[in-house]
Amino acid sequence: MIEKREILDEKALLVGVIQPGLTEIIIDEHLDELELLAKTAGASVVGRITQKLSKINPSTFIGKGKAKQIIMQAKELDSKLILFDDELSPAQIKNYHHLSDEIKVLDRSGLILDIFQKHARSKEATTQVELAFLEYLLPRLTRQWTHLERQMGGIGTRAGMGETQIEIDRRLIRTRITKLKKELVKIEKERLTQSLKRSSEYRVSLVGYTNAGKSTLFKSLTGADVFIQNQLFATLDTTVRKLNLDTSHTLLLSDTVGFIRKLPHNLVASFKSTLKEVLEADLILIVLDMSSPQVIDHMSTINKVLEEMGANNIQTVQVLNKVDLISDSNMINKIKRTFPDAVTISAKQHLKLRDVKTKIVEQMELNYSTVEIEFPYNNGKHIANAQEGVEVIERIYEKDVVKLKIRGNKSRINQILTWVD
Ligand SMILES: Nc1nc2c(ncn2[C@@H]2O[C@H](COP(=O)(O)OP(=O)(O)OP(=O)(O)O)[C@@H](O)[C@H]2O)c(=O)[nH]1
Ligand SMILES: [Mg+2]
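Here's what I pulled together on the structure shown here. (Residues numbered from 1 in each chain as written. Chains lettered and ligands numbered in written order. Predicted model: local features only at pLDDT ≥ 70, side-chain atom pairs only at ≥ 80, totals over all residues.)

**Quick word on the overall build of the protein chain**
No. 1: A tally of regular secondary structure across the protein chain gives 14 helices and 13 strands.
No. 2: If you line up the protein chain on its principal axes, its C-alpha atoms span 90 × 65 × 35 Å.
No. 3: In the protein chain, which comprises 421 residues, the proportion classed as buried is 35%.
No. 4: In the protein chain, of all internal contacts separated by at least 6 residues, the share reaching a separation of at least 24 is 69%. (Helix = DSSP H or I, 4+ residues; strand = E, 2+ residues; numbered from the N terminus. Buried ≥ 20, exposed ≤ 12 C-beta atoms within 10 Å, placed from the backbone. Contact = placed C-beta atoms within 7 Å.)

And the structure:
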């Protein structure tokens, strides 16, 4: 892994831009979230700066005079880190380095990537994060980033004479990106075998904004001891557990990485294998933190990311979580009216979990069918397979054939029907 230049106990100054159509209040809420991201990364926020802008300055995003002023202010506050809520182009970041090479300028994507790097534990997550980070870094390389050769352990070929250090570094990064992509293809293949094994089971995925309580709900429903933390992006891997709702409704439940506004595109792309479970789900439970003033915004971010992943055709059920944090019943009713089909729960206090289960069963039923089939005794393989991943309601042994009445999800039943003459 190359040098990360990560955020460590740093003082940060936040910058938000009020573009046409946005208000000071909205930007303030976005900066609240940016502050939470900064804290999760290990920085402490020493100030916030906002600017109303009708036009983006291509070289420094905000006006050049304002840019210089912000750098001065950062220096006065003894801050070496400026965090923009908006995405800066590679050229804009470089221009800030030209204005002051003592001060590090990161945008929201860079900050999110920093957190992902810190939280990644499994081989899969570290590989995916490194790929996303290098793709982000490649166009943003400045002289501050040179001499990667040492950190990258001599990967790639040595540069010929006359090449600049940045060119060498770019080449090293490209070689590493190719290698990481190959590793991810291998990881994905392993996942494919696992998911084929599970193709007959009904699968439910928990999806939602980061910190909404997905892992808490996962734990409350399955009893699995997953990592729960009041911080952003606590979960970066996918965990799957079997859940028996009652004797005839068994499913696989998965908990996975959360979403956020302006999640970097290359992060979504490189987390493809982790998010596979969501793509293959029969049902997505969208977990929302109803105590957040941005709950509607969260919902639209989730829809956007699901669309970007190609998962927008999957059936969903909305779950309004953290109801215990709202004491005003008028407020609760107001939010419920905004999400009329949602179930309202507290995953932490185990309130109304039954309603979630009932909703899942309803959805499963829509997806189930019951058929009667028969196989001759000499077709032992299919007799056995046809009873897997389904509920056997009746089994009658006749003279020449075995008659089965089975019930299961439609895709499994259709698969079994292809074995019948
Ligand atoms: N009061 C209250 N807190 C909750 C509830 N559900 C979760 N929390 C808290 O919210 C925080 C985040 O919970 P997690 O389950 O880690 O959230 P997550 O959606 O898995 O978050 P990421 O993995 O970071 O995306 C933790 O501090 C939980 O204790 C709830 O119903 N009520
Ligand atoms: Mg989690």
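**Digging into the site of ligand 1**
No. 1: Near ligand 1 lie 24 residues; those nearest to it are Gly213, Ser215, Asn230, Thr235 and Gly258.
No. 2: Here the shell around ligand 1 takes three residues from helix H7 (residues 214-222), the largest share from any one element.
No. 3: Tallied by class, residues from the shell around ligand 1 come to seven nonpolar, 13 polar and four charged. (Near = placed C-beta within 6 Å. Nonpolar A, V, L, I, M, F, W, Y, C, P; charged D, E, K, R; others polar.)

**Here's the deal with the packing of helix H4 (residues 108-119) against helix H5 (residues 123-137)**
No. 1: Where H4 contacts H5, the axes come no closer than 10 Å and their chain directions differ by 150 degrees. When the axes of H4 and H5 are compared, the pair comes out roughly antiparallel. Viewed along their axes, H4 and H5 form a crossing whose handedness is left-handed. Of the residues in H5, those in contact with Ser109, Gly110, Leu113, Phe116 and Gln117 of H4 are Val129, Ala132, Phe133 and Tyr136. (Axes fitted to C-alpha atoms, helices over the stretch in contact; angles between N-to-C directions. Parallel < 35°, antiparallel > 145°, perpendicular 65-115°, else oblique. Left-handed = near helix turned anticlockwise from the far one by under 90°.)

**Focus on the sheet that holds strand E2 (residues 44-52)**
No. 1: Read from one edge of the open sheet, four strands run E2-E1-E3-E4, paired in parallel fashion. Two strands close off the open sheet at either side, each with one partner strand: E2 and strand E4 (104-107). On average, each strand axis in the sheet is tilted by 25 degrees relative to the strand beside it, whichever way the strands run.
No. 2: Examined bridge by bridge, strand E1 (residues 11-18) and strand E3 (residues 81-84) share four bridges and lie parallel to one another. Across the sheet, the residue bridging to Ala12 is Leu81, located in E3.
No. 3: Contacts from H4 reach E3 and E4 within the one sheet, and its direction differs from that of E4 by about 90 degrees. (Pairing = 2+ DSSP bridges.)

Any link to function would need more than the numbers given here.
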